[in-house]
Amino acid sequence: SEFSAVCSVLNGALRINPFDVQITSTAIEKALSMKVEEKEARRARDINFVASCPSGLWTKNVLRDLNDATFGSYADSSTDGEQESIRRKHAAEKMEAVESPKAILARENESALSKLDVDKITAAYLSCKSRVIICDFNGTLVTKEPPGKYLKREILGTAGNKPPTAVVSALNKLCADQQNTVFVVSGDSQKNLEDAVGNISGLGLAASNGACFASPFVGIQNSQRIWKSFDLGVDWNAVREVALPILSKYTARTNGSFVKLTHYSIGWSYYSCDPEWGSLQASYLVPELENELRAFDVRFVTLKGIVEVVPRKLNKGLIVTTVLRDLIAKNDKNDTSGVDFILCMGDDVSDEKMFTSVLSFIAETGNVTCSLDDSRPSFAHKGQTESIIKTASPTGHGSETGMYAYNVVVGRKPSHASFYVDSADDVGNVLIALSGNNAPILPNKKWDSEACVNFFA
């Protein structure tokens, strides 16, 4: 089992998640069909440890540590007065944390979110002629699995690598509309993103958190996509030459870890490691990388189970700004109206830059003012329920046009978005509604104990 502590030591073993029947059955099949040479090689890796560390010794060590911890706590115990003082101090710290300005702002920020009204956004979409739709991939278009199933697996935590059929059909129809510009932005590699949604004609793709992108062209196939990348002011080959030897050293000492390379990022994943050991190694890795890469303009992203090195200027907001500005320039050239509908959807911290880029773009387009208008859908601006943004015409003629902008986050949480939906299924429902398809509404999956099948009962 990958949840056992000894999993991080036994190199030759086949790891399984006992709660994932498919993974377990695949591992059993691999063991049964394994060649004799591989069996012997795997056994040779672990035989010394297994022979010298029987289960009785492990039990004895655990009981000894428990005994030491128990009697040590008694020996170090303080007087009743000191204990009461410590208890009051901890209670005061908890109260201060609850009532801190940061906690209050986070609570207010969350309460400002409104549930996205599908009917209103559909009405806004139909009333506009130059529309931009930008969606994150993992967790937004594709549902994330419950943490117990993917936390320690060497793949992304998503239920499959492609959106549901109904969502793909909706994207095809949205991309076929000449008034729409549709992009999918992902932190995954270019190849994985193309395999998932690259066959949708007219869909723009942005991989590696927007480091490289392919503009949408109708009728184009994956092999014909023209990929471009941003100049982020970093010699990435030089960064790799410095970082990879360090990552290789930590990979060798951390069983189950691996290095993940994309266009403009270098990641060290410890999903498949013992959680405590992996976290400990990550805590040593980051300072060492910071010291060795101090000459380069890079930053370090530490997420659950992975440490990434990326250019400091890289974020998903770059591709959002590029798409919107390019569309404005194109419309100016064709003497048509500017962007009047923006829908941006994401689910995690990396998508917050997309939301702020949308707001920055609106501010850049001209003299921006807000006016209430109950007859039209709401604009993603905190503190206002029914409003519309009036901007100066991007053609410079000075006429005012209405702009609808919806920043939508998956899950109710502190965010720069002003609307939320409950799950990735709701994102699919929004896209289906905008496309006008008659496909059935996707069910809203709930991962709970009652919905799971107990295969071990």
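In what follows, the structure referred to is the one given above.
Since we're looking at a predicted model, the values are computed, not measured.

*Asks:* Explain the sheet that holds strand S8 (residues 265-269) residue by residue, including any values.
*Replies:* Spatially, S7-S8-S10-S9 is the arrangement adopted by the 4 strands of the open sheet, whose pairing is antiparallel. Edge strands, defined here as strands with exactly one partner in the open sheet, are strand S7 (258-262) and strand S9 (298-303). Here the average twist between neighbouring strands, direction ignored, is 20°. Here S9 pairs with strand S10 (residues 306-311) via 6 bridges, running antiparallel. Of the residues in S10, the one forming a bridge with Val301 is Glu308.

*Asks:* Explain helix H13 (residues 352-364) to me, and be specific about the residues and the numbers.
*Replies:* Here H13 spans 19 Å end to end across 13 residues, near enough to the 18 Å set by a 1.5 Å rise per residue. What H13 keeps buried is the set Glu352, Met354, Phe355, Ser357, Val358, Phe361 and Ile362.

*Asks:* Could you give an account of empty space enclosed by the protein, naming the residues involved and the relevant values?
*Replies:* On inspection of all chains with the given rule, the structure shows 1 cavity of 30 Å³ or more. Quantified by volume, the largest cavity comes out at close to 30 Å³. Every residue along the wall of the largest cavity is listed here: Gly187, Ser208, Asn209, Thr262, Tyr264, Ser265, Glu308, Val310 and Leu314. Among the residues forming the lining of the largest cavity, the class breakdown is 3 nonpolar, 5 polar and 1 charged.

*Asks:* Describe in detail unusual backbone geometry, supporting the description with residues and values.
*Replies:* Phi at Ser208 is positive, roughly 55°, even though this residue is not glycine. Here Ser208 falls in the buried class, since its relative accessible area comes to 4%. Phi at Asn209 is positive, roughly 60°, even though this residue is not glycine. Position of Asn209 among the secondary structure elements: in the loop between strand S4 (203-207) and strand S5 (212-214).

*Asks:* Mind laying out the environment of Leu318, listing which residues take part and the relevant values?
*Replies:* With respect to the helices and strands, Leu318 occurs in helix H12 (residues 317-333). For Leu318, a relative accessible area of 26% gives the class partly exposed. Between the C-alpha atoms of Leu318 and Asn209, which are 109 residues apart in sequence, the distance is 9.1 Å. Apart from residues no more than four positions distant in its own chain, Leu318 is found in contact with Phe230, Leu232 and Lys313.

Rules used in this analysis
Residues numbered from 1 in each chain as written. Predicted model: local features only at pLDDT ≥ 70, side-chain atom pairs only at ≥ 80, totals over all residues. Heavy atoms only, no water. Pairing = 2+ DSSP bridges. Helix = DSSP H or I, 4+ residues; strand = E, 2+ residues; numbered from the N terminus. Axes fitted to C-alpha atoms, helices over the stretch in contact; angles between N-to-C directions. Expected span 1.5 Å × (residues − 1). Buried < 20%, exposed > 50% of the residue type's maximum accessible area, 1.4 Å probe, protein only. 1 Å grid on protein atoms, 1.4 Å probe; cavity = no way out; pocket = protein on both sides within 12 Å on 5 of 7 lines; lining within 4 Å. Points joined across faces, edges and corners; volume = space filled by probe spheres on them. Nonpolar A, V, L, I, M, F, W, Y, C, P; charged D, E, K, R; others polar. Contact = heavy atoms within 4.5 Å.

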